[in-house]
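Commentary on secondary and tertiary structure
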Amino acid sequence: MDAQAKLEAEGISTRVVSMPSWELFEKQDAAYREKVFPKAYRKRLAVEMASPMGWHKYTTDEGDMLGMTTFGESAPADDLYKHFGFTVDNVVKRAKALF
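Residues numbered from 1 in each chain as written. Predicted model: local features only at pLDDT ≥ 70, side-chain atom pairs only at ≥ 80, totals over all residues. Heavy atoms only, no water.

**Topic: the packing of aromatic side chains**
Tallied over the full model, the rule gives seven aromatic pairs. With a centroid separation of 6.2 Å and 55° between ring planes, the pair formed by Phe25 and Tyr32 is classed as tilted. A network of ring pairs unites the aromatic residues Trp22, Phe25, Tyr32, Phe37, Trp55 and Tyr58 as a single cluster. (Phe/Tyr/Trp six-rings, centres within 6.5 Å; stacked < 30°, edge-to-face > 60°.)

**Regarding the nonpolar core**
In globular proteins that are soluble, nonpolar side chains generally tend to be buried together. With nine residues, the main nonpolar core is built from Ala3, Leu7, Leu66, Leu80, Phe84, Phe86, Val91, Val92 and Ala95. Broken down by secondary-structure element, the contributors of at least two residues to this core are α1 (2-9), α5 (77-84) and α6 (88-96). In terms of residue count, α6 provides more of this core than any other element does, three residues in total. Contacts of Leu80, omitting those with residues within four sequence positions, involve Glu73, Ser74 and Ala75. (Core = buried A, V, L, I, M, F, W, Y, C linked by side-chain atoms within 4.5 Å. Buried < 20%, exposed > 50% of the residue type's maximum accessible area, 1.4 Å probe, protein only. Helix = DSSP H or I, 4+ residues; strand = E, 2+ residues; numbered from the N terminus. Contact = heavy atoms within 4.5 Å.)

**Description of the pattern of salt bridges**
Per the stated rule, a full pass over the model turns up eight salt bridges. Here Glu10 and Lys96 are joined by a salt bridge, their closest N and O atoms 2.5 Å apart. On the criterion of sequence distance, the pair formed by Glu10 in the loop between α1 and α2 (22-26) and Lys96 in helix α6 is long-range, its members being 86 residues apart. Given a relative accessible area of 36%, Lys96 falls into the partly exposed group. Across the pair Arg42 and Asp61 runs a salt bridge, and its minimum N-O distance is 2.3 Å. Of the two residues, Arg42 sits in the loop between α3 (30-36) and β1 (45-47) while Asp61 sits in the loop between α4 (56-59) and β2 (64-66), which places them 19 residues apart along the sequence. For Asp61, a relative accessible area of 66% translates into the label exposed. Taken together, the shared-partner salt bridges in this structure form one network comprising Arg42, Lys43, Asp61 and Glu62. (Salt bridge = Lys/Arg side-chain N within 4 Å of Asp/Glu carboxyl O.)

**Considerations on unusual backbone geometry**
For Thr60, which is not glycine, the phi dihedral falls at a positive 70°. With respect to the helices and strands, the residue Thr60 is situated in the loop between α4 and β2. For Thr60, a relative accessible area of 13% translates into the label buried.

**Regarding the side chain of Arg44**
Of note, Arg44 is situated in the loop between α3 and β1. Despite its burial, Arg44 pairs with no opposite charge, the nearest such side chain being Glu34 at 6.5 Å. Engagement of the side chain of Arg44 in a polar contact is seen with the backbone oxygen of Pro38, the distance being 2.8 Å. A polar atom in the side chain of Arg44 sits 2.7 Å from the backbone oxygen of Tyr41. Setting aside anything within four residues of it in sequence, one finds Arg44 in contact with Phe37, Pro38, Lys39, Tyr58, Thr59, Thr60, Gly63, Asp64 and Leu98. (Lys, Arg positive; Asp, Glu negative; His and termini not counted. Polar contact = N/O pair within 3.5 Å; in protein donor to acceptor, adjacent residues only side chain to side chain.)

Structure (structure tokens):
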């Protein structure tokens, strides 16, 4: 949310979509899915504090995925966020790289 606010402050229109369940999302009708992920907007960044596997379906071939490709790290949360790139500045940088 902080990354979105920073992008918006720089004049970059963004939206945040929380998708806790792909299965439930896929059960929605096509109109709803189109409203959430319009086909006209293909430059999407997914931020997933877990495996990036499967997100390509939603980020498209023009998007990007920020996720974890390893597991088993142990440290204070803020240290892990920095280690894996889950910081506001990195999310903003990755989003800007799409344009």
